[in-house]
Amino acid sequence: MKKYVLRRLLQLIPILLVITFLSFGMMRLAGSDAVLQKMENTGMVVSQEVIDSARAELGLDKPFLTQYFVWLGNLLRGDMGTSYISGQDVFSTFLSKLPATLLLTAVSILLTIVISIPLGVLAAVKQNRFTDYMIRTASFLGNSMPNFFVALLLMYFFSIRLKIFPVIATGISVQSVALPAITLAIAMSAKYLRQVRAAVLDELSKDYVVGARARGISFYTTLTKSVLRAALVTILTLLTLSIGSLLGGTAIVESIFLWDGVGKLAVDAINMRDYPMIQAYVMWMAIIYVCVNLITDLSYRALDPRIRLGGEKV
Amino acid sequence: MKRQPVLSVEDLSVSFRMYDTGLEQADLQVISNLTLDVCPGEIVAIAGSSGSGKSLLAHAVMGLLPGNASVTGKILYKGMLLSQKEKEKLRGKEIALVPQSVSYLDPLMTVGAQVTGRTPDEKTLKAQKEIFQRFHLKEGTEKLYPFQLSGGMARRILVSTAVLSNAQIILADEPTPGLDLEMAVEALKIFRELADEGKSVLLITHDIDLAFHIADRVAVFYAGTTVEIADAEDFQKGPKALRHPYSKALWEALPQNGFKPIPGFQPYAKDLPKGCLFSPRCPYKTEECEKEIPMTKVRGGYVRCIHAD
Ligand SMILES: Nc1ncnc2c1ncn2[C@@H]1O[C@H](COP(=O)(O)OP(=O)(O)O)[C@@H](O)[C@H]1O
Ligand code: SF4
Ligand SMILES: [Mg+2]
């Protein structure tokens, strides 16, 4: 078990190498660079000499491979470089944005779980009855409203009308995380609810449910002890993907609510061709996906004896 | 005096509401006017080809039919008319099922918990050990999950579950396929012992040869109804002792009796023939046969054929 976890974590090394190399290459292919972007933003016209010397200062005049290995060498020494744009240390800048993203991820996922799992299960159990139709209609509405629209609606009611939550986040607090988290949770819950319903219905149609009824086991017991556990395996897969993408930041919602997370940081870094910052972001994403997948695999094992015990037959 | 049956099925019909293309819906009648009873101490075999409604009968008795099924007729347990609520109360306790497939085992639960319940008492545990031994299931099998068992082992688990429930009647839906001869014989021996204790077994099988030899009475199923119910002895004697043309044809289709195939096919529920369900394949068919055919008593057995004598 420990060996398995260690092996999976070691896989991170080649993944990081490949992915940072690829992103390095892709950013160069995308054209432009930090120097040009900076000029463009300030609207100044500068001579080629100035541009060249600015490039030389950042090392952008060197061949592509040299640039990559210089970056990699620094990384191995624990130095992720400084931002081309702000001149600040990349690692500490990135770190300063993480708490906001972590909090938003945690709260919105928690809300999503609390909303979508009970409603999805209820809809499945009451299939094709009034309750099911109501829940499905709500899910349809939630699905068809774009994020920014939900955000504006929430702002209007909760911030302007009821004055419960601030319009603009003032630091990281329970009050200011509420609206962005609810915005994300509405969209995700609407999607998950239907998947939870489908997964539970799929389980409920299996023979073993009839088998349990025949043994005189109550429906509630079968639902909680077997059906939900089996359906959870499917649901977990989906949740994992969402957690992964939430940890990568949510640029739109972050911008609307001025929530200072890694999503906006990443979009800005890409627009400005801030290579060291982009590399930090790419590495963060790779680490998230490997860890989140590992955690999912471990929970599958806990949930399903067929995975835990492997194919052992007697 | 006639003993009171443990289980009586009177004039049972089951149909499924099916949605065809679009909104058109059709009722698919899969069991028609089925009548059957099982007395204490008796093994009644149900013999019929696949698709004749054997499993559905068992599920109807247990209250396990899906939501789109509608049921008419009566099901009585010890003379008491069973509603769905009562079936739910009785199942697993007074009436037990050996399901037809090992897929009826819960994949996330150890087989021990399924056989004895999650919190068994001493007595149940002792009984479980005994029956596992009889079925050559090694010590420790109860801690395994279904996916760790071979098909034959899983089948023996299903039979053990029904036997341990202490039910008054066991509905065994094809309990022997996948078992080697020794284990199949052991299962049937256990059923006979239960019957000798005064319990009852409804043994569903498409192996009519087996049905003749182990049961007290045999009910022959055809297209969702009983066409003949008679003592097993009659089936051992042969066509002369039998009453229905289908039963006779079945007997003659057995390998040791000439392997004579029955021409034609069992009708599908979607287009059942008028009157006698066997009429399209029956050599003795007359015009009368297109009317409703009642179950009548002939030579001590019951038969659904107007020309039987
Ligand atoms: N849920 C269902 N919906 C529609 N038709 C069904 C359903 N279950 C069974 N049937 C049909 O009922 C008939 C009898 O099935 P069954 O009782 O399983 O036969 P068997 O005698 O082989 O056990 C078959 O033709 C089958 O297709
Ligand atoms: S009722 Fe008529 S068609 Fe049906 S089995 Fe008897 S003789 Fe044949
Ligand atoms: Mg069957």
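None of these values were measured; they are calculated from a predicted model. (Residues numbered from 1 in each chain as written. Chains lettered and ligands numbered in written order. Predicted model: local features only at pLDDT ≥ 70, side-chain atom pairs only at ≥ 80, totals over all residues. Heavy atoms only, no water.)

1. Quick look at the overall build of chain A
Thinking step 1. Across its full length, chain A holds 15 helices and 0 strands.
Thinking step 2. Taking the principal axes of the C-alpha coordinates as reference, chain A spans close to 85 × 60 × 30 Å.
Thinking step 3. Computed over 29 positive and 19 negative side-chain charges, the inter-centroid distance for chain A is 15 Å. (Helix = DSSP H or I, 4+ residues; strand = E, 2+ residues; numbered from the N terminus. Lys, Arg positive; Asp, Glu negative; His and termini not counted. Charge placed at Lys NZ, Arg CZ, Asp CG, Glu CD.)

2. Considerations on the overall build of chain B
Thinking step 1. Counting its secondary structure elements, chain B contains 9 helices and 12 strands.
Thinking step 2. Here the C-alpha radius of gyration of chain B, 20 Å, is about what a compact globule of 309 residues would show, namely 19 Å.
Thinking step 3. Summarising its shape, the C-alpha atoms of chain B cover approximately 65 × 50 × 40 Å along the three principal directions.
Thinking step 4. Long-range pairs, those at least 24 residues apart, make up 66% of the contacts in chain B between residues at least 6 apart in sequence.
Thinking step 5. When the accessible surface of chain B is split by element, carbon and sulfur atoms take 54% of a total near 14,600 Å². (Rg over C-alpha atoms; globule rule 2.2 N^0.38 Å. Contact = heavy atoms within 4.5 Å. Areas by Shrake-Rupley, 256 points an atom, 1.4 Å probe, with all protein chains shown as cover.)

3. Overview of the sheet that holds strand E9 (residues 217-222) of chain B
Residues and elements named next belong to chain B.
Thinking step 1. Taken together, the 8 strands give an open sheet; going across it, the order is E6-E7-E8-E3-E9-E10-E12-E11, and neighbouring strands pair in mixed fashion. Bordering the open sheet on either side are strand E6 (95-98) and strand E11 (296-298), each of which pairs with just one other strand. The mean inter-strand angle of the sheet, taken between neighbouring strand axes irrespective of direction, is 20 degrees.
Thinking step 2. As judged from the 4 bridges shared by strand E3 (residues 43-47) and E9, these two strands associate in the parallel manner. Bridge pairing in E9 places Ala45 opposite Val218.
Thinking step 3. On top of the sheet, helix H5 (residues 151-164) reaches E6 and strand E7 (169-173); it is set at about 175 degrees to E6, its chief contact. (Pairing = 2+ DSSP bridges. Axes fitted to C-alpha atoms, helices over the stretch in contact; angles between N-to-C directions.)

4. Considering the interface of chain A and chain B
Thinking step 1. Residue-level contacts link 23 residues of chain A with 25 residues of chain B.
Thinking step 2. Taken together, the two surfaces of chain A and chain B that pack against each other cover about 2,200 Å², and 58% of this comes from carbon and sulfur.
Thinking step 3. Where chain A meets chain B, there are 0 salt bridges.
Thinking step 4. Here chain A and chain B share 7 residue pairs in polar contact (both at pLDDT 80 or more) between them.
Thinking step 5. For the side of chain A that touches chain B, the secondary structure elements donating two or more residues are helix H10 (207-214), helix H11 (219-247) and helix H15 (305-308) of chain A.
Thinking step 6. The element that contributes the greatest number of residues to the side of chain A that touches chain B is H10(A), accounting for 6 residues.
Thinking step 7. When grouped by side-chain class, the residues that make up the side of chain A that touches chain B number 8 nonpolar, 5 polar and 10 charged. (Buried area = accessible area lost by both parts, 1.4 Å probe. Salt bridge = Lys/Arg side-chain N within 4 Å of Asp/Glu carboxyl O. Polar contact = N/O pair within 3.5 Å; in protein donor to acceptor, adjacent residues only side chain to side chain. Nonpolar A, V, L, I, M, F, W, Y, C, P; charged D, E, K, R; others polar.)

5. Digging into a nonpolar patch on the surface
Thinking step 1. A contiguous nonpolar surface patch, about 1,000 Å² in accessible area, is contributed by Phe148(A), Phe149(A), Leu152(A), Leu153(A), Tyr156(A), Phe157(A), Ile160(A), Val167(A), Ile168(A), Ile252(A) and Leu258(A).
Thinking step 2. When you line up the elements, Phe149(A) lands in helix H8 (residues 147-161). (Patch = residues over 30% accessible without salt bridge, like charges linked within 9 Å, V, L, I, M, F, W, Y side chains within 5 Å.)

6. Re the packing of helix H7 (residues 130-144) of chain A against helix H9 (residues 174-204) of chain A
All names here are of chain A.
Thinking step 1. Across the interface, H7 lies against H9 with an axial gap of 8 Å and an inter-helix angle of 140 degrees. If you check the angle between H7 and H9, you find them oblique. In the crossing of H7 with H9, the sense of the turn from one axis to the other is left-handed. For the pair formed by H7 and H9, the contact residues are Asp132, Ile135, Arg136, Ser139, Gly142 and Asn143 on the first element and Ile186, Ala187, Ala190, Lys191, Leu193, Arg194 and Arg197 on the second. (Parallel < 35°, antiparallel > 145°, perpendicular 65-115°, else oblique. Left-handed = near helix turned anticlockwise from the far one by under 90°.)

7. Re the sheet that holds strand E1 (residues 7-19) of chain B
The strands making up a sheet associate through backbone hydrogen bonding, with each pair oriented either parallel or antiparallel.
All names here are of chain B.
Thinking step 1. If you walk across this open sheet you meet the 4 strands as E2-E1-E4-E5, and the pairing is antiparallel. Only two strands of the sheet have a single partner each, and these edge strands are strand E2 (25-38) and strand E5 (80-81).
Thinking step 2. Across 2 bridges, the pairing between strand E4 (residues 69-77) and E5 is antiparallel. The residue of E5 that forms the bridge with Leu76 is Leu81.
Thinking step 3. Along the sheet face, helix H1 (residues 54-62) touches E1, E2 and E4 and points at about 105 degrees away from the line of E1.

8. A word on helix H6 (residues 90-125) of chain A
Thinking step 1. If you check H6(A), its first and last C-alpha atoms are 51 Å apart, about what 36 residues at 1.5 Å a residue would give, namely 52 Å.
Thinking step 2. Maximal helix bending in H6(A) amounts to about 30 degrees, located at Leu98(A); proline Pro99(A) follows within four positions. (Expected span 1.5 Å × (residues − 1). Bend = angle between axes of the 7 residues up to and from the residue.)

9. As for the pairing of E4(B)
All names here are of chain B.
Thinking step 1. As paired strands, E1 and E4 are joined by 8 bridges and run antiparallel to one another. Along E4, the bridge assignment pairs Ser8 with Leu76.
Thinking step 2. Counted between consecutive antiparallel strands, the loop separating E4 from E5 contains 2 residues, among which Lys78 sits at a positive phi close to 50 degrees.

10. Concerning the coordination of the magnesium ion (ligand 3)
Thinking step 1. Coordination of the magnesium ion (ligand 3) by the protein comes from Ser55(B) (OG) and Gln100(B) (OE1), over a distance range of 2.0 to 2.3 Å. Taken together, the positions of Ser55(B) in helix H1 and Gln100(B) in the loop between E6 and helix H3 (111-116) put the pair 45 residues apart, joining distant regions of the chain. (Donors = N, O, S within 2.8 Å, 3.2 Å for Na, K, Ca; no water.)

11. Some words on the site of ligand 2
All names here are of chain B.
Thinking step 1. Around ligand 2 sit His244, Pro245, Cys276, Phe278, Ser279, Cys282, Tyr284, Cys289, Cys305, Ile306 and His307, and that is every residue in its neighbourhood.
Thinking step 2. Because more than half of its atoms lie within 2 Å of the grid, ligand 2 is assigned to the largest cavity.
Thinking step 3. Considering only residue class, the shell around ligand 2 consists of 8 nonpolar, 3 polar and no charged. (Near = heavy atom within 4 Å. 1 Å grid on protein atoms, 1.4 Å probe; cavity = no way out; pocket = protein on both sides within 12 Å on 5 of 7 lines; lining within 4 Å. Sits in = over half its atoms within 2 Å of the grid points.)

12. Describing empty space enclosed by the protein
All names here are of chain B.
Thinking step 1. The final tally for this structure, using the stated rule, is 3 cavities of 30 Å³ or more.
Thinking step 2. Taken as a whole, the largest cavity encloses approximately 100 Å³ of empty space.
Thinking step 3. Lining the largest cavity are 14 residues, with Cys276, Cys282, Cys289, Cys305 and Ile306 positioned closest to its centre.
Thinking step 4. Partitioned by chemical class, the residues of the lining of the largest cavity number 9 nonpolar, 3 polar and 2 charged.
Thinking step 5. Its residues assigned to classes, the lining of the second largest cavity shows 8 nonpolar, 2 polar and no charged. (Points joined across faces, edges and corners; volume = space filled by probe spheres on them.)

13. Quick look at the site of ligand 1
Residue and element names in this part refer to chain B.
Thinking step 1. All residues adjacent to ligand 1 are Phe16, Met18, Val30, Ser49, Ser50, Gly51, Ser52, Gly53, Lys54, Ser55, Leu56 and Pro66.
Thinking step 2. For ligand 1, whose accessible area on its own is 570 Å², the fraction buried by protein is 70%.
Thinking step 3. For the shell around ligand 1, the elements supplying multiple residues, two or more each, are E1 and H1.
Thinking step 4. For the shell around ligand 1, the element with the most residues is H1, which contributes 3 residues.
Thinking step 5. Along the lines of polarity and charge, the residues of the shell around ligand 1 split into 5 nonpolar, 6 polar and 1 charged.

14. Regarding the domain arrangement of chain A
By convention, interface size is frequently given as the accessible area that disappears when the constituent parts associate.
All names here are of chain A.
Thinking step 1. Structurally, chain A comprises domain 1 (2-76) and domain 2 (96-288).
Thinking step 2. Averaged C-alpha coordinates put domain 1 and domain 2 at centres separated by 34 Å.
Thinking step 3. Contacts between the two partners involve 21 residues from domain 1 and, on the opposite side, 11 residues from domain 2.
Thinking step 4. In total, about 1,400 Å² of surface goes out of reach between domain 1 and domain 2, with carbon and sulfur atoms giving 73% of it.
Thinking step 5. Our count for the domain 1 to domain 2 interface comes out at 0 salt bridges. (Domains from an automatic or database assignment.)

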